[in-house]
Amino acid sequence: MKRHEGVEWAHVEPKLAANAHKLWSLAEMDRTGGEPDIVAYDKKTDEYIVYDCSAQSPEGRRSLCYDHDALESRKEHKPADNAVDMAAAMGIELLTEEEYRQLQRLGSFDTKTSSWVKTPSDIRQLGGAIFCDRRYDTVFVYHNGAESYYAGRGFRGSLRI
């Protein structure tokens, strides 16, 4: 696949074998519909970088508010979980806005859904959170109250191996 040209499984497999918790995280990414794939190699850290590459925001990670504080602030109609805690439990990181834009250079993602991305602390302290999607062949960054959740909004993660 063009997402990981030049990556040889013989180099990846020993890294996974030495880090069973990373293999578990990959399985969780896959189980929740993320379709994880290697998208880059960081020469400085000697790590392969994996992103969720499902066409739409992973189905098993939707209808979530942004973080624990947002979840606790809801008085009624609480979602089952939140993106930040779910990612941490899976051993992955939410994509940053920059990483989300890198992903979009590899294809067209979130054309019908949207994904929470790591929100800067100054925005979060004011009660907001940011999310991204792709419409009209353009990547958009939006804001919402962190406590909001929608059936079509989930989150994408990254993992370094």
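Because the structure is predicted, anything quoted here is derived from the model rather than measured.

About the thresholds
Residues numbered from 1 in each chain as written. Predicted model: local features only at pLDDT ≥ 70, side-chain atom pairs only at ≥ 80, totals over all residues. Heavy atoms only, no water. Pairing = 2+ DSSP bridges. Helix = DSSP H or I, 4+ residues; strand = E, 2+ residues; numbered from the N terminus. Axes fitted to C-alpha atoms, helices over the stretch in contact; angles between N-to-C directions. Contact = heavy atoms within 4.5 Å. Phe/Tyr/Trp six-rings, centres within 6.5 Å; stacked < 30°, edge-to-face > 60°. Buried < 20%, exposed > 50% of the residue type's maximum accessible area, 1.4 Å probe, protein only.

### Re the sheet that holds strand E5 (residues 128-135)
Turning to step 1, where the next piece is worked out: The 4 strands lie next to each other as E6-E5-E4-E7, forming an open sheet whose pairing is mixed. Here the strands that pair on one side only, and so sit at the sheet edges, are strand E6 (138-145) and strand E7 (153-155). The mean inter-strand angle of the sheet, taken between neighbouring strand axes irrespective of direction, is 35°.
Turning to step 2, where the next piece is worked out: In terms of strand pairing, strand E4 (residues 114-116) meets E5 through 2 bridges, oriented antiparallel. Bridge pairing in E5 places Trp116 opposite Phe131.

### A short note on the pairing of strand E8 (residues 157-160)
As a general feature of sheets, a regular strand has side chains that alternate between the two faces.
Turning to step 1, where the next piece is worked out: Relative to E8, strand E2 (residues 47-52) is paired through 3 bridges, and the arrangement is antiparallel. For Ile49, the partnering residue across the bridge sits in E8 and is Arg160.

### Digging into the sheet that holds strand E1 (residues 36-42)
Turning to step 1, where the next piece is worked out: Ordered by their spatial adjacency, 4 strands build an open sheet running E1-E2-E8-E3, and the pairing between neighbours is antiparallel. One side of each edge strand has no neighbouring strand; the edge strands of this open sheet are E1 and strand E3 (93-94).
Turning to step 2, where the next piece is worked out: Taken strand by strand, helix H2 (residues 20-31) contacts E1, E2 and E8, and its axis lies near 160° from that of E8.

### Details of the pairing of E6
Turning to step 1, where the next piece is worked out: As paired strands, E5 and E6 are joined by 8 bridges and run antiparallel to one another. By the bridge assignment for E6, Phe131 is matched with Tyr142.
Turning to step 2, where the next piece is worked out: Linkage of E5 to E6, two consecutive antiparallel strands, is achieved through a turn of 2 residues, within which Tyr136 is found at a positive phi near 55°.

### What about the packing of aromatic side chains?
Turning to step 1, where the next piece is worked out: The final tally for this structure, using the stated rule, is 5 aromatic pairs.
Turning to step 2, where the next piece is worked out: Ring geometry for Tyr41 versus Tyr48: centroids 4.8 Å apart, planes at 45°, classification tilted.
Turning to step 3, where the next piece is worked out: Note on Phe131 and Tyr142: the rings are 5.1 Å apart at their centroids and 20° apart in plane angle, and the pair reads as stacked. In this pair, Phe131 sits in strand E5 while Tyr142 sits in strand E6, placing the two residues 11 residues apart along the sequence.
Turning to step 4, where the next piece is worked out: According to the relative accessible area criterion, Phe131 is buried, its value standing at 7%.
Turning to step 5, where the next piece is worked out: Residue classification places Tyr142 among the partly exposed positions, given a relative accessible area of 31%.

The values are spatial; any link to function lies outside them.
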